[in-house]
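# Topology and contacts: notes
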2 protein chains.
Amino acid sequence: MKSRIASRRDLEFQLFEVLDVEALTRRPRFTEHSRETFLSALDTALDVADRKFAPHNRTADEREPTFDGERVTMIPEVKEALDAFIAAGFLVSARHYEVGGMQLPSTVARACHAVFEAANVGTTSYASLTIANANLIAAFGTPDQKRRYLPHLHSGRFFGTMALTEPQAGSSLADVRTSARPRPDGTYSISGTKVFISGGEHDLAANIVHLVLARIEGAPPGVKGISLFIVPKLRVLEDGSLGERNDVALAGLFHKMGWRGTVSTHLAFGENGRCVGELVGEPNRGLSCMFHMMNEARIGVGLAAVMLGTTSYLHALDYARERPQGRPLKDRDPLSSPVPIIEHADVRRMLLRSKAYVEGGLALCLYAARLVDEQHTGETAEDRAEASALLDLLTPVAKAWPAELCLEASSLAIQIHGGYGYTREYPVEQLYRDNRLNAIHEGTNGIQALDLLARRAVAGGGRSLELLGRAVARDVDAAGKDERLRGHAQDLARAFEQLRATTQRLAAATAADPDLGLANASAYLQSFGHVVVAWMWLRQGAAAARALPGATGPDRDFYEGKLAACRWFFRWELPCVAHPLAMLAALDPTCLEARPAWF
Amino acid sequence: MKSRIASRRDLEFQLFEVLDVEALTRRPRFTEHSRETFLSALDTALDVADRKFAPHNRTADEREPTFDGERVTMIPEVKEALDAFIAAGFLVSARHYEVGGMQLPSTVARACHAVFEAANVGTTSYASLTIANANLIAAFGTPDQKRRYLPHLHSGRFFGTMALTEPQAGSSLADVRTSARPRPDGTYSISGTKVFISGGEHDLAANIVHLVLARIEGAPPGVKGISLFIVPKLRVLEDGSLGERNDVALAGLFHKMGWRGTVSTHLAFGENGRCVGELVGEPNRGLSCMFHMMNEARIGVGLAAVMLGTTSYLHALDYARERPQGRPLKDRDPLSSPVPIIEHADVRRMLLRSKAYVEGGLALCLYAARLVDEQHTGETAEDRAEASALLDLLTPVAKAWPAELCLEASSLAIQIHGGYGYTREYPVEQLYRDNRLNAIHEGTNGIQALDLLARRAVAGGGRSLELLGRAVARDVDAAGKDERLRGHAQDLARAFEQLRATTQRLAAATAADPDLGLANASAYLQSFGHVVVAWMWLRQGAAAARALPGATGPDRDFYEGKLAACRWFFRWELPCVAHPLAMLAALDPTCLEARPAWF
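### Some details on the overall build of chain A
Along chain A, the regular secondary structure elements total 19 helices and 12 strands. Taking 599 residues into account, the globule formula puts the C-alpha radius of gyration at 25 Å, and chain A, at 24 Å, falls close to it. Summarising the internal contacts of chain A: among those between residues at least 6 apart in sequence, 75% fall at separations of at least 24. Carbon and sulfur atoms make up 52% of the accessible area of chain A, which amounts to about 20600 Å² in all. Computed over 67 positive and 71 negative side-chain charges, the separation of the two mean positions in chain A equals 2 Å.

As structure tokens, then:
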């Protein structure tokens with residue numbers, strides 16, 4: 001049975017035919033794996049997601065978590081689903097066998113995780129946060145911290161959060177005020193307020209491990225004086241057992257437009273002077289530790305946007321195939337039977353556009369995950385360093401592009417449903433509300449744009465962009481040999497060249513005048529994203545063109561669909577970057593010069 | 001005090017400086033009016049909207065109408081607001097003095113109505129529907145129908161609805177099945193089911209007048225066999241008093257993502273064979289009567305989208321001015337005070353983009369209203385015919401463009417608020433949900449696109465488009481004399497020429513093969529909209545450039561803001577139509593050729 005929440009066929013295509021994850025099984029870390037074990041993990045994910053996550057997605061939206069001043073209450077299905085997720089091993093899917101993990105490549109683990117996000121992003125978030133939290137402690141924790149926290153984060157006995165934002169400091173982490181006063185035993189007394197903390201309070205796990213940004217007394221101002229702390233809800237004793245309650249109080253909940261299943265909290269640390277935290281990593285280096293988690297979380301946000309868009313698209317596709325309405329333009333005899341709306345070109349346009357966005361976004365996020373695998377298991381040090389540089393460059397794109405375009409897929413899904421799509425009797429309106437968060441959390445898209453243009457695209461004289469150019473050129477050369485793709489390949493090469501030249505121009509301008517050089521950073525990010533996704537479509541088109549001659553039945557249709565979406569993206573979308581890139585290169589000052597009083 | 005719901009300054013600018021409504025006071029119908037009476041009506045609207053509509057906008061969303069099987073219940077503020085609206089005369093603002101109206105020009109009446117939509121679109125809808133309903137009966141009703149219904153629709157004793165959609169026939173009115181069987185007394189026995197009927201049941205008025213599309217027994221199939229009927233909830237006796245309940249039953253409510261204050265109903269007509277309806281207009285001509293109401297309603301939808309976007313923008317603007325966060329790119333000293341976020345170029349970009357969309361959309365919808373005034377009171381028969389043709393051409397654009405782009409303004413308003421904007425503690429998330437409906441109701445944007453390209457833009461050999469071209473050319477010539485606008489004027493002329501040539505190409509292609517010619521109709525509508533709104537910005541820019549030399553203080557800023565938004569639209573938006581228009585002219589078959597099985 002075809003699942004409505006995700007396309008197994010497409011995941012298989014992306015993993016094996018585009019990203020060749022099977023090649024990873026030749027590496028020491030993955031020798032015990034095979035195509036079969038990868039598919040088996042994916043099928044388990046699809047099964048658990050279908051049975052345990054999808055069924056309460058609407059209920060969790062309608063009956064969001066509540067706080068009575070004492071406890072947070074939520075529907076029991078959330079815990080049941082997470083228990084099944086944990087029992088199936090997905091909390092440690094990418095971790096070593098020795099800690100009980102499945103030792104899957106990051107690419108496959110992400111694909112499995114994606115399926116849960118498609119089914120129920122609100123419930124999955126608790127797991128996503130816990131995984132990222134454990135990864136951070138694994139990377140930066142002391143041996144003692146790893147011993148006391150990791151086994152419990154891996155087993156799901158503890159859940160995790162990340163606590164960055166404060167009421168006066170949203171995107172501006174330089175203004176974090178939460179303070180940390182050293183205590184004689186080496187721990188710190190934490191005091192401050194954090195807002196929008198997802199999973200900040202619940203009874204889903206025995207304990208909650210907050211990773212909190214705070215300032216050690218006397219630290220330098222700004223981002224260079226921020227440290228990172230483990231602050232558990234309940235203190236964790238030497239043997240891992242739980243001690244008394246730490247001084248972390250729930251001050252209230254936020255009530256969101258969507259993504260309601262994930263409790264969003266306002267937390268007060270140390271109101272009674274008894275909140276104890278443990279330093280993670282070096283003092284004043286908290287932000288770089290946190291960005292370890294944030295970079296991972298950003299790709300996670302991109303993938304969540306992709307999967308919300310994917311599920312929206314699949315619902316719309318089912319509806320378009322089943323709903324009879326209207327007649328062909330050439331034969332409007334009212335006595336004839338209405339046709340399914342997928343027969344109307346405009347409905348196909350909406351479907352093709354959605355497909356191009358969600359499958360392009362999926363290719364991008366899984367490509368980023370594949371870079372994580374290269375970074376960790378690449379065969380040479382150079383391979384690993386290159387993967388690392390590419391991943392760094394693509395992270396804001398993999399976050400922001402899907403957050404914008406896959407939201408559009410959710411919107412198109414409503415449109416395809418017509419009036420029904422706007423009602424809560426159908427699932428797509430919720431997916432649209434859920435998906436709107438992705439351009440905001442883990443750094444707004446505007447912040448991603450500055451991060452990309454001011455830092456990542458120009459760092460080291462633009463070395464990462466040069467690497468990207470080489471990777472693109474390899475695929476352009478390969479695809480250029482196929483007649484069906486040659487024109488697309490040339491278009492991509494041209495667009496990349498314009499992006500490269502524009503970046504150089506902007507780098508020089510920014511060095512002279514950052515206000516002017518960075519004024520249109522958002523347009524830069526959007527164009528960058530379109531070029532990168534065009535590349536992803538060229539790669540998918542090449543894989544489809546390779547496979548098509550030997551394919552039969554539904555496989556033929558699948559590959560033809562890939563080539564159609566590829567064509568659509570190259571014909572209708574990629575050319576749209578030429579103008580904004582030209583405006584960027586011209587250093588258009590329209591927004592910069594608009595004075596606040598003019599509005 | 002500056003209102004958050006709408007900009008009085010901008011409404012004044014649009015009415016007097018761009019559309020010169022004062023000139024209308026020289027026409028017989030409006031001789032008793034003056035600039036002062038127009039402004040007084042606008043101020044009354046702002047006052048009533050602020051006091052009676054805005055305060056319960058959130059409550060009406062949180063506590064949507066409910067149905068207990070007997071009655072629909074809603075919060076009492078809705079009736080209080082509508083009573084104030086009626087008492088202030090806005091139900092008859094454009095109607096003759098002799099029926100108790102204010103006899104305002106349509107342009108001014110629309111501007112007043114817009115203010116209520118900005119404050120609370122859900123509550124205002126009951127009034128919008130009643131006004132449109134009364135207009136239709138005034139246009140097509142028999143003298144007896146006018147006598148029995150109009151006074152009560154004008155006084156607000158009766159409210160109105162329009163009942164087109166059926167479960168099996170959304171956009172496809174050809175498939176309407178509701179039947180009408182002639183009764184001996186000349187009335188009809190109505191039987192059938194209608195869905196998504198806004199305002200279909202409530203206790204806000206003594207009676208509800210449904211205007212229902214149905215098929216007289218034996219009528220031809222398809223749209224040529226549809227008639228229009230008045231079907232009151234309670235029968236209306238000769239003297240206007242109310243008789244027994246008609247056989248119209250509420251089968252259930254729809255629960256929408258937004259716009260929740262307007263009850264959306266599923267109505268069953270004639271379940272007990274006792275539903276009586278009165279024919280309006282000629283038999284089998286129901287659709288053309290209904291389109292009288294629909295065309296008006298479509299501009300109303302466009303304007304609602306504009307006003308939801310406007311309010312979103314104004315909230316975001318207030319927030320951007322008040323919220324300190326981050327520092328200038330050139331001076332990031334963390335010891336300095338954070339600046340209001342409007343100081344960041346990217347926030348100004350979002351504001352300028354929103355401003356360009358909502359003020360461009362407002363100019364378009366009020367221009368359409370001005371055409372209604374020309375159509376009715378133009379000095380020569382030719383003027384009136386021309387206005388009528390232009391209005392006909394622009395109606396789908398005035399509906400669809402704001403539904404798409406002013407929704408984007410609502411989305412940007414969330415983005416400017418960051419995490420707070422995504423919570424229900426702030427107003428913008430509701431405005432975004434509300435605004436999403438506008439691309440769907442009164443004919444989806446896809447239907448508008450087909451209507452535009454298959455009919456309105458090509459009718460009579462493209463005569464309406466030629467008229468539009470002349471109107472554009474007049475403004476291009478005038479603006480070309482101003483140095484600041486010359487480049488924009490040239491750009492507009494070029495874009496219009498491309499639109500004209502593309503339309504001709506598509507008309508010829510459609511005649512040969514409608515599937516191919518109309519396959520990309522949505523892209524045509526979007527590009528058409530951008531060209532028209534560029535024209536609206538040129539007109540606004542010209543008015544601002546005229547006024548700027550003599551302006552001082554806040555007026556200078558206002559005009560500079562207009563010129564900045566005009567620049568932004570011409571620099572960043574208008575050039576983006578070149579590519580889709582080229583694809584249209586090339587008859588790109590990508591969507592048309594995508595087979596259903598490929599998805």
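And the narrative resumes.
### Let's talk about the pattern of salt bridges
A full pass over the atoms with the stated rule returns 94 salt bridges over all chains. Close ionic contact of R424 of chain B with E64 of chain A constitutes a salt bridge, the shortest N to O distance being 2.5 Å. Taken together, the positions of R424 of chain B in the loop between α10 (381–417) and α11 (428–435) and E64 of chain A in the loop between α3 (57–62) and β1 (66–67) put the pair across two chains. On the accessibility criterion, R424 of chain B (19% relative accessible area) is buried.

### Describing the relation of the copies chain A and chain B
For the pair chain A and chain B, the best superposition has an RMSD of 0.0 Å and corresponds to a rotation of 180 degrees with a translation of 0.0 Å parallel to the axis. The two molecules are tied by a two-fold rotation axis, judged by turn and shift. When each C-alpha of chain A is compared by its distance to the rotation axis, C576 of chain A comes out closest, at 3.4 Å. When the interface residues of chain A are mapped onto chain B, 99% of them are again interface residues, pointing to one common binding face.

### Description of the pairing of strand β7 (residues 227–232) of chain B
Residues and elements named next belong to chain B. Burial within β7 is extensive, with six of its six residues counted as buried. Because side chains alternate across β7, one face comprises the buried residues S227, F229 and V231, and the other comprises L228, I230 and P232, equally buried. Of the strand pairs in this sheet, strand β6 (residues 207–216) and β7 are connected by six bridges, and their pairing is antiparallel. In the strand pairing of β7, V212 is matched with F229. Pairing of β7 with strand β12 (residues 276–280), which is carried by three bridges, proceeds in the antiparallel orientation. Its bridge partner being in β12, I230 is matched across the sheet by E278.

### Here we look at the interface of chain A and chain B
Between chain A and chain B, the residue contacts involve 98 residues of the former and 97 residues of the latter. In total, chain A and chain B occlude about 8600 Å² of area from one another, counting both sides; carbon and sulfur atoms represent 59% of this. Seen at the junction of chain A and chain B, the total is 10 salt bridges. In this structure, K330 of chain A engages D513 of chain B in a salt bridge whose closest nitrogen and oxygen atoms are separated by 3.2 Å. The interface formed by chain A and chain B includes 54 residue pairs in polar contact (both at pLDDT 80 or more). The dominant element in the side of chain A that touches chain B, judged by the number of residues it contributes, is helix α17 (residues 553–573) of chain A, at eight residues. Here the residues of the side of chain A that touches chain B sort into 49 nonpolar, 22 polar and 27 charged.

### What to know about the nonpolar core
L351, L468 and F528 of chain A together with L351, L468 and F528 of chain B are the most contacted members of the largest nonpolar core, which has 371 residues in total. Ranked by size, the runner-up nonpolar core spans 27 residues in total, among them V176, L211, V280 and L287 of chain A.

### With respect to helix α8 (residues 286–322) of chain B
Residue and element names in this part refer to chain B. Compared with an ideal rise of 1.5 Å per residue, which puts 37 residues at 54 Å, α8 spans 53 Å between its outermost C-alpha atoms and is within 8% of the ideal. A maximum bend of about 30 degrees is found in α8 at H292. Of all 37 residues in α8, 30 are buried, a share of seventy percent or more.

### Points about the environment of Q103 of chain B
Residues and elements named next belong to chain B. Along the chain, the position of Q103 falls in the loop between α4 (77–87) and α5 (106–119). Spatially, the C-alpha atoms of Q103 and R29 are 7.5 Å apart, while their sequence positions differ by 74 residues. If near-sequence neighbours (up to four positions away) are discounted, Q103 is found in contact with R29, F30, H33, V92, S93, A94, R95, H96 and Y97.

### With respect to the side chain of D247 of chain B
Residues and elements named next belong to chain B. Tracing the chain through its elements places D247 in the loop between β9 (242–245) and β10 (248–254). One buried charged residue, D247, forms no salt bridge at all, with the nearest opposite charge on R274 at 5.4 Å. In terms of polar contacts, D247 uses its side chain to reach the backbone amide nitrogen of N272, at 2.7 Å. Not counting chain neighbours up to four residues away, the residues in contact with D247 comprise A268, F269, G270, E271, N272, G273, R274 and C275.

### Description of α4 of chain B
Helical periodicity: at 3.6 residues per turn, an α-helix aligns residues three or four positions apart in one direction. Residues and elements named next belong to chain B. All of the buried residues along α4 are V78, A81, L82, A84 and F85. One face of α4 carries all of its buried residues, which in axial projection span an arc of 155 degrees. Looking at the buried positions of α4, the neighbouring elements they touch are α2 (35–53), α5, α6 (121–140) and β3 (158–163). Trailing α4 by a residue or two, G89 shows a phi angle of about 95 degrees, which is positive.

### Comments concerning the environment of R349 of chain A
Take R349 of chain A: it is sitting in helix α9 (residues 345–377). Measuring from C-alpha to C-alpha, the distance between R349 of chain A and L362 of chain A comes to 20 Å, with 13 residues separating the pair along the chain. Excluding anything up to four places from it in sequence, R349 of chain A contacts S522 and C591 of chain B.

### Examining the confidence of the model for chain A
Keep in mind that low pLDDT regions are not for reading the predicted coordinates in detail. Model confidence for chain A is summarised by a mean pLDDT of 96, while 99% of its residues fall at 70 or above. Scoring the predicted complex yields pTM 0.98 and, for the interface, ipTM 0.97.

### Observations regarding the pairing of β10 of chain B
All names here are of chain B. Among the seven residues of β10, five are classified as buried, and the element is accordingly described as predominantly covered. Summarising the sheet, β10 and strand β11 (residues 264–269) pair through six bridges and their orientation is antiparallel. Residue pairing in the sheet places V248 in a bridge with F269 of β11.

### Here we look at the packing of aromatic side chains
Here the structure, examined in full by the defined rule, presents 41 aromatic pairs over all chains. On the numbers, 4.9 Å between centres and 65 degrees between planes, the contact of F196 of chain A with Y420 of chain B is edge-to-face. Residue F196 of chain A is found in strand β5 (residues 188–198), and its partner Y420 of chain B is found in the loop between α10 and α11; the two belong to separate chains. Assessed through its relative accessible area of 14%, Y420 of chain B is described here as buried. The structure contains a cluster of three or more aromatic residues connected by ring pairs, namely F196 and F254 of chain A together with Y319, Y420 and Y426 of chain B. Here the guanidinium or amino end of R35 of chain A rests over the ring plane of F16 of chain A, the centre of that ring lying 4.2 Å away. One cation-aromatic arrangement involves R9 of chain B over F558 of chain B; the distance from NZ or CZ to the ring centre is 4.2 Å.

### Remarks on the packing of α5 of chain B against α6 of chain B
Two measures define how a pair of helices packs: the angle their axes make with one another and the distance between the axes. Close contact between α5 of chain B and α6 of chain B brings their axes to 7 Å; oriented N to C, the two are set at 145 degrees. Contact residues: H113, F116, E117 and A119 of chain B in α5 of chain B; V121, T124, A127, S128 and I131 of chain B in α6 of chain B.

### Remarks on unusual backbone geometry
The phi angle at N284 of chain A is positive, at roughly 65 degrees, despite the residue not being glycine. Turning to its location among the elements, N284 of chain A is positioned in the loop between β12 (276–280) and α8 (286–322). Taking relative accessible area as the criterion, N284 of chain A reaches 26% and is therefore assigned partly exposed. If you check the backbone angles, Q103 of chain B has positive phi at about 55 degrees while not being a glycine.

### Description of the environment of A489 of chain B
All names here are of chain B. Along the polypeptide, A489 turns up in helix α14 (residues 483–512). For A489, a relative accessible area of 2% translates into the label buried. Between the C-alpha atom of A489 and that of A534, which follows or precedes it by 45 residues, the distance is 9.3 Å. Dropping the residues within four chain positions of it, A489 is found in contact with V476, A479, G480 and L538.

### Let's talk about the state of the cysteines
Here the structure, examined in full by the defined rule, presents zero disulfides over all chains. With no disulfide partner, C566 of chain A has as its closest neighbouring cysteine sulfur the one in C591 of chain B, 14 Å distant.

Each value, and the rule that gives it
- Residues numbered from 1 in each chain as written.
- Chains lettered and ligands numbered in written order.
- Predicted model: local features only at pLDDT ≥ 70, side-chain atom pairs only at ≥ 80, totals over all residues.
- Heavy atoms only, no water.
- Helix = DSSP H or I, 4+ residues; strand = E, 2+ residues; numbered from the N terminus.
- Rg over C-alpha atoms; globule rule 2.2 N^0.38 Å.
- Contact = heavy atoms within 4.5 Å.
- Areas by Shrake-Rupley, 256 points an atom, 1.4 Å probe, with all protein chains shown as cover.
- Lys, Arg positive; Asp, Glu negative; His and termini not counted.
- Charge placed at Lys NZ, Arg CZ, Asp CG, Glu CD.
- Salt bridge = Lys/Arg side-chain N within 4 Å of Asp/Glu carboxyl O.
- Buried < 20%, exposed > 50% of the residue type's maximum accessible area, 1.4 Å probe, protein only.
- Least-squares fit on C-alpha atoms with pLDDT ≥ 70 in both.
- Pairing = 2+ DSSP bridges.
- Buried area = accessible area lost by both parts, 1.4 Å probe.
- Polar contact = N/O pair within 3.5 Å; in protein donor to acceptor, adjacent residues only side chain to side chain.
- Nonpolar A, V, L, I, M, F, W, Y, C, P; charged D, E, K, R; others polar.
- Core = buried A, V, L, I, M, F, W, Y, C linked by side-chain atoms within 4.5 Å.
- Expected span 1.5 Å × (residues − 1).
- Bend = angle between axes of the 7 residues up to and from the residue.
- Arc of directions from axis to C-beta.
- pLDDT = per-residue confidence, 0-100.
- Phe/Tyr/Trp six-rings, centres within 6.5 Å; stacked < 30°, edge-to-face > 60°.
- Lys NZ or Arg CZ within 6 Å of the ring centre and 35° of its normal.
- Axes fitted to C-alpha atoms, helices over the stretch in contact; angles between N-to-C directions.
- Disulfide = S-S within 2.5 Å.

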